[in-house]
Amino acid sequence: MQTRLAPRYQGNPIAQEAEAILRSCVHCGFCNATCPTYQVLGDELDGPRGRIYLLKELLAGEEARETTRLHLDRCLSCRACETTCPSGVRYGRLLELGRHLQNSALPRSPDAVLKRRLIRAIISQLQRLRPLLGVAQALRPILRDPVARTLPAPTPVPRPIPVTSPRRGKVLALAGCVQSVATPRTEAALQAILAKLGYTLLHGTGAGCCGALSLHLDAWEEAHAQIRRNIDAWWPAIEAGVDTILISASGCGSVVKDYGEILRNDSHYAAKAARVAALARDPSEWLYAHRDELSQATAEQARIAFHSPCSLQHGQRIQGLAEAILQRLGYRLLPVADSHLCCGSAGSYSLLQPQLAQELRRRKLKNLEAEKPQWIATANVGCQLFLAQATQTPLRHWLELVAELL
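No experiment lies behind these values; they were computed from the predicted model shown.

## Digging into the packing of helix α1 (residues 13–22) against helix α6 (residues 91–105)
Next, step 1: In contact at an axis separation of 9 Å, α1 and α6 are set at 140 degrees when each is read in the N-to-C sense. Comparing the axis directions of α1 and α6 gives the class oblique. The crossing of α1 and α6 is left-handed. In contact with Ile14, Ala15, Glu17, Ala18, Ile21 and Leu22 of α1, α6 contributes Arg93, Leu94, Leu97, His100 and Leu101.
Next, step 2: Looking at the contact of α1 with α6 residue by residue, the class counts come to 8 nonpolar, 1 polar and 2 charged.

## Notes on empty space enclosed by the protein
Next, step 1: Here the structure, examined in full by the defined rule, presents 3 cavities of 30 Å³ or more.
Next, step 2: By volume, the largest cavity is sized at about 120 Å³.
Next, step 3: Taken together, 17 residues make up the lining of the largest cavity; nearest its centre are Cys25, Cys31, Ile52, Cys85 and Val89.
Next, step 4: Breaking the lining of the largest cavity down by element, the ones donating at least two residues are α3 (48–59) and α5 (80–84).
Next, step 5: Residue contributions to the lining of the largest cavity peak at 3 residues, all from α3.
Next, step 6: Of the residues in the lining of the largest cavity, the class split is 12 nonpolar, 3 polar and 2 charged.
Next, step 7: There is about 70 Å³ of room inside the second largest cavity.
Next, step 8: Every residue lining the second largest cavity is counted, 13 residues in all, and those nearest its centre are Cys35, Pro36, Cys75, Cys78 and Tyr91.
Next, step 9: Secondary structure elements with two or more residues in the lining of the second largest cavity: α2 (36–41), α3 and α5.
Next, step 10: Taken together, the residues that form the lining of the second largest cavity break down as 9 nonpolar, 2 polar and 2 charged.

## So, the packing of helix α4 (residues 66–73) against α6
Next, step 1: Contact geometry for α4 and α6: axes closest at 11 Å, N-to-C directions at 150 degrees. As the angle between them shows, α4 and α6 are arranged roughly antiparallel. The handedness of the crossing between α4 and α6 is left-handed. Contact with α4, carried on its side by Thr68, Arg69, Leu72 and Asp73, involves Leu95, Gly98, Arg99, Gln102 and Asn103 of α6 and no other residues of that element.
Next, step 2: By residue class, the composition of the contact of α4 with α6 is 2 nonpolar, 4 polar and 3 charged.

## A look at the nonpolar core
Next, step 1: In terms of nonpolar packing, the biggest core is built from 56 residues, with Ile231, Trp234, Val256, Tyr259 and Val276 touching the most fellow members.
Next, step 2: For this core, the secondary structure elements donating two or more residues are α1, α3, α6, α11 (212–216), α12 (220–239), α13 (250–256), α14 (259–262) and α15 (270–279).
Next, step 3: It is α12 that provides the largest number of residues to this core, a total of 8 residues.
Next, step 4: In this structure, Tyr259 is in contact with Cys210, Ile227, Asn230, Ile231, Trp234, Ala273, Val276 and Ala277, ignoring residues within four places of it in sequence.
Next, step 5: In terms of nonpolar packing, the next biggest core, distinct from the first, is built from 32 residues, Val171, Tyr199, Ala322 and Tyr331 among them.

Definitions and cut-offs
Residues numbered from 1 in each chain as written. Predicted model: local features only at pLDDT ≥ 70, side-chain atom pairs only at ≥ 80, totals over all residues. Heavy atoms only, no water. Axes fitted to C-alpha atoms, helices over the stretch in contact; angles between N-to-C directions. Helix = DSSP H or I, 4+ residues; strand = E, 2+ residues; numbered from the N terminus. Parallel < 35°, antiparallel > 145°, perpendicular 65-115°, else oblique. Left-handed = near helix turned anticlockwise from the far one by under 90°. Contact = heavy atoms within 4.5 Å. Nonpolar A, V, L, I, M, F, W, Y, C, P; charged D, E, K, R; others polar. 1 Å grid on protein atoms, 1.4 Å probe; cavity = no way out; pocket = protein on both sides within 12 Å on 5 of 7 lines; lining within 4 Å. Points joined across faces, edges and corners; volume = space filled by probe spheres on them. Core = buried A, V, L, I, M, F, W, Y, C linked by side-chain atoms within 4.5 Å. Buried < 20%, exposed > 50% of the residue type's maximum accessible area, 1.4 Å probe, protein only.

Below, the structure is given as C-alpha cells:
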C-alpha cells in the first residue's frame, strides 16, 4: 500500500511504525472473510481492510473523526485476519498504534475515559477485584437474571497436591488477575498436573496482571509498569535456572510472549523482557511434550466441544495441541463450525461493545452446542466466563479435564 505521512507525523516513531505496517498490505480483502465484526455488520469499514484505509487517511493528515474511532473500537483485536493474511500484515499491532494516534488527535469524552479507567482499576488490581467479586458472589442468590448470570459462582479450590513423583524441576506460572479470583480451579488443575509429572509450580512474589488490559485500552505506561513488575517478580527464579513460564490463560500468554517486543526500547528491561518472552509457554505446548506421561486412565468418550480462544489460535498461533491431549486421554471432541471466529469476550470488549459481543456469543454457542456436548472446554478465562453467562452447558478450562484423570 502506498502511504504518505502528514507533516505533523514526520519524525513520530509511532506513526512511522504504523506506516511501515500499512505498506505491507496489498488490499486483497482475504482478511474480511475471517473478520467476526464484518460477518455481523457487513460494513467494509468494520473489517480489517476498511480500518486500514481509515488509518491510512489519519496518517496522511485527514482530520480525526468520531466515525473513525467507532470503527476502530468495534474491532475485537482477535487477530483472525493475521492468520488469514498472505502478506503477513501485523494488524494487531497496527490497531494499537492507530488507536493511540486517534486518541492523541481526538481525545475521548470524559465519561468514556472514566469508564475505561474504572475497568482497568478494578479488573487488573487483585486487591480491588477480589473483595468486590466476593461481595457480588455473596449477593448472587438474591440477584435476578441476567445480572446473576454475569457473575461466576463461588468455586471451592482443591487442596494443593504435593509432588510425589521424583522431583524433576520447577516451573514458573502466571496466576493472573481475573483467573486467580474467578476460576481458581484452573491454576489448581495445572498445579496438580505438574505435581504428577514431578514439577513444583512457582509464582514470583509480586507478579500480577500481565498488562494486556491496559495495553489494549491505550494505557501504555500503565501496561509497561505491570510488565516490569512481573519481570522483576520472575527474575530471581530465572536466574536460579527455571527455564519455563506457563501461562494458563491464553490471552495473558499472548501478551507475555510479546514482552520483548513491547519493551524493546526500554534500556533497562529490553534484554530481560526478551528472555521472559522466550521462556513463556502455553500449557498445551509444554504438556504436549509430556503427553505420554500424563495418565493411563481414559475419559470414556466424554463428549467435548472445544472452543479455541483467538489468543491461542491467532495470537500465539497454536492450533490442535490441547485438542490432541484431550483426545489422547479419551475425550471425544465434537466438530465445531466456524471455530476460527471470536466468541465476543475479547478482554474488555464485552463490557465496551455489549451488543456486538452478545451477537458473536450467540453465534458461537449455537455452533458449540450443535452436537449436544457434555462440556464446553476452552483455554482462556475470558471466554470461559463470557460463554458461561448464556448457556446451560458447563464451561471448563481444558486443564481441569486433564487433571481429573490423574
